[in-house]
Amino acid sequence: MPLNIIIGAQWGDEGKGRFTDLLAADTDAVGRFSGGDNAGHTVTVGEDVFKLHLIPSGIIHEKAICIIGNGVVMNPAVFIREMDGLIERGIDVGPERLKISRACHIITPAHIALDKAKEMALGTGKIGTTLRGIGPAYMDKIGRSGLRAGLFAHPEALTAAIHAHIEAHNNTLTKIYGAAPLDATAVAAEYAVYAQHLAPHLADASVLLDDYLKAGRAVLAEGAQGTFLDIDHGTYPFVTSSSPTAGGALTGLGIGPKMVGRVIGVCKAFTSRVGSGPFPCEAEGETAVRLRGTGANPWDEYGTTTGRARRVGWLDLVMLRHAGRINSFTDIAITKLDILSGLAEIPVCVAYTLDGERINHFPHSLEELGRCEPVFELLPGWQEDVTGARTWDDLPKAAQNYIEYIAKDTQTPISYVSVGPGRAQVVDSSAIDLLS
Ligand code: IMP
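## Re the site of the ligand
- The full set close to the ligand counts 15 residues, and Asp 13, Asn 38, Thr 130, Thr 240 and Arg 308 are the nearest of them.
- Within the side chain of Asp 13, one N or O atom sits 3.1 Å away from a nitrogen atom of the ligand.
- Summarising the interface, the protein chains cover 97% of the accessible area of the ligand, which totals 470 Å² for the free molecule.

## Comments concerning unusual backbone geometry
- Backbone torsion omega between Tyr 236 and Pro 237 reads 5°, so that peptide bond is classified as cis.
- Looking at where Pro 237 falls in the secondary structure, it is placed in the loop between strand E10 (219-222) and helix H8 (246-253).
- Not every positive phi belongs to a glycine, and Gln 225 is a case in point at roughly 50°.
- Within the fold, Gln 225 resides in the loop between E10 and H8.

## Structural notes on the packing of aromatic side chains
- A full pass over the atoms with the stated rule returns seven aromatic pairs.
- Ring geometry for Phe 19 and Tyr 416: centres 5.4 Å apart, planes at 35°, overall tilted. Of this pair, Phe 19 sits in helix H1 (residues 16-24) while Tyr 416 is found in strand E19 (residues 414-418), placing the two residues 397 residues apart along the sequence.
- Residue classification places Phe 19 among the buried positions, given a relative accessible area of 1%.
- A connected cluster of aromatic rings, assembled from ring pairs, spans Trp 11, Phe 228, Phe 279, Tyr 352 and Phe 362.

## A look at the layout of surface pockets
- Taken as a whole, the second largest pocket spans an internal volume of roughly 230 Å³.
- Lining the second largest pocket are 15 residues, with Tyr 138, Ile 142, Ser 241, Ser 242 and Ser 243 positioned closest to its centre.
- Contributing elements (two or more residues each) for the lining of the second largest pocket: helix H4 (134-142) and H8.
- Taken together, the residues that form the lining of the second largest pocket break down as five nonpolar, nine polar and one charged.

## Topic: the packing of helix H2 (residues 76-88) against helix H6 (residues 184-198)
- Remark: H2 packs on H6, axes separated minimally by 10 Å, with the N-to-C direction vectors making an angle of 45°. Regarding the angle of H2 to H6, the classification is oblique. The crossing of H2 and H6 is left-handed. On the side of H2, the interface is formed by Pro 76, Ala 77, Phe 79, Ile 80 and Met 83, while H6 contributes Tyr 191, Tyr 194, His 197 and Leu 198.
- Its residues assigned to classes, the contact of H2 with H6 comprises eight nonpolar, one polar and no charged.

## As for empty space enclosed by the protein
- One pass over the structure, following the stated rule, counts two cavities of 30 Å³ or more.
- Of the pockets and cavities examined, the largest cavity occupies roughly 40 Å³.
- Classifying every residue of the lining of the largest cavity by side-chain character gives four nonpolar, five polar and no charged.
- Volume-wise, the second largest cavity comes out at about 30 Å³.
- Contributions of two or more residues to the lining of the second largest cavity are made by H1 and strand E3 (41-45).
- Here the residues of the lining of the second largest cavity are counted per class, giving two nonpolar, two polar and three charged.

## Here's the deal with the pairing of strand E2 (residues 29-32)
- Residues Ala 29 and Gly 31 point to one face of E2 and Val 30 and Arg 32 to the other, with burial holding for every one of them.
- By the bridge criterion, four bridges tie E2 to E10 in an arrangement that is parallel. Across the sheet, the residue bridging to Arg 32 is Glu 222, located in E10.

## So, the sheet that holds strand E9 (residues 202-203)
- Taking strand neighbours across the sheet as the criterion, the 10 strands line up as E9-E7-E5-E2-E10-E1-E11-E15-E19-E20 in an open arrangement whose pairing is mixed. The open sheet has two edge strands with one neighbour each: E9 and strand E20 (426-428).
- Taken together, the five bridges between strand E11 (residues 260-268) and strand E15 (residues 331-335) define a ladder with parallel strand orientation. Counterpart to Ile 264 in the pairing with E15 is Asp 331.
- Against the sheet, helix H12 (residues 397-410) contacts E15 and E19, and its axis sits at roughly 145° relative to E19.

Rules used throughout
- Residues numbered from 1 in each chain as written.
- Predicted model: local features only at pLDDT ≥ 70, side-chain atom pairs only at ≥ 80, totals over all residues.
- Heavy atoms only, no water.
- Near = heavy atom within 4 Å.
- Polar contact = N/O pair within 3.5 Å; in protein donor to acceptor, adjacent residues only side chain to side chain.
- Areas by Shrake-Rupley, 256 points an atom, 1.4 Å probe, with all protein chains shown as cover.
- Helix = DSSP H or I, 4+ residues; strand = E, 2+ residues; numbered from the N terminus.
- Phe/Tyr/Trp six-rings, centres within 6.5 Å; stacked < 30°, edge-to-face > 60°.
- Buried < 20%, exposed > 50% of the residue type's maximum accessible area, 1.4 Å probe, protein only.
- 1 Å grid on protein atoms, 1.4 Å probe; cavity = no way out; pocket = protein on both sides within 12 Å on 5 of 7 lines; lining within 4 Å.
- Points joined across faces, edges and corners; volume = space filled by probe spheres on them.
- Nonpolar A, V, L, I, M, F, W, Y, C, P; charged D, E, K, R; others polar.
- Axes fitted to C-alpha atoms, helices over the stretch in contact; angles between N-to-C directions.
- Parallel < 35°, antiparallel > 145°, perpendicular 65-115°, else oblique.
- Left-handed = near helix turned anticlockwise from the far one by under 90°.
- Contact = heavy atoms within 4.5 Å.
- Pairing = 2+ DSSP bridges.

This is how it looks when you write it as structure tokens:
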């Protein structure tokens, strides 16, 4: 059985959690490979809404084991809180089921304090991070001074490492940012307790997953964030500090490319982003409220992690083609089609104009991107409520056209269309030939 990978095709919040949940039903192992608790994945099962930040959404199924891969930066306090929440709801999060790579890096209060101090110092030029310490934790990792989860099995070494880590960062916090220093002894004591909890969960994730794949068992890599938040391929510097793209799935779990089966790009029927940075198709005023919702429903466009109102706009096919190239999508899942019901016409961005010239690609330079104007094609809308659609034929013709237009433009099959937040509110369109 191959490794299937779920990737966000936009700026995150595409609804990846629900597809992890859908595919996890037939999966033996689900692994997170990048990011940390900056992610927020919502899965709705009947009346139950699960909001997860670190633990893979696959945990909600009984069968799959779940793995935090080496590419993740994990905050042990958040992880344990999430475990406790799942235990309360009767979900097994024991060490046989929930594994942490020894090579994944640990987030500490120093990383969080640095994230806050840096953002504050940037003022209006801030990235708009989730303030979860993600960037500073990856800086330590790349700077070869990070703390890895393997330390949880070695209490004395962990205590010494925490002391050295906090003392080093206190220097930066106090001397560069004028912030308060942290108490190394208190942090070491706190982390000693986390280590006791988490040491039994440690594993060599790469070996474990390789055994699974060789035994013909299905493995799913659960993406966090999205292609345009990728440190290399996103809207740098308004990005996260990891590789949420398909390449990152391989390095972040320790699996080679021969194992890859599907790479499923998850894309909202429109676009959203949180944080700062350019957004060529951004909508404002009534249109933005129409796409975002008012916040009254859990699926409205307000951050799962931060509660911030998301910026929203029309679907941008220039971005989706860019994401398709970076990730080699084998197929695409479209989410939140139901939100577009009731519009007379739906604008879809098919290209940009830059200094009067039409361009079909996503520019690397932020300065150029900031000058791009979207070229919209107007597609016919539909008035019907599509939340009850369960088959392709249940969708109104104009909604089918909208999906087909995306498939043809990106030259990629569209396997699923979600029409509401519920687990069952998905149309499986994989048997429909949308490309010819
Ligand atoms: P960081 O990952 O907290 O460093 O934040 C960097 C940028 O990525 C900010 O614009 C965040 O809003 C954005 N970001 C991080 N995680 C997510 C996510 O899960 N969904 C959407 N945006 C995210």
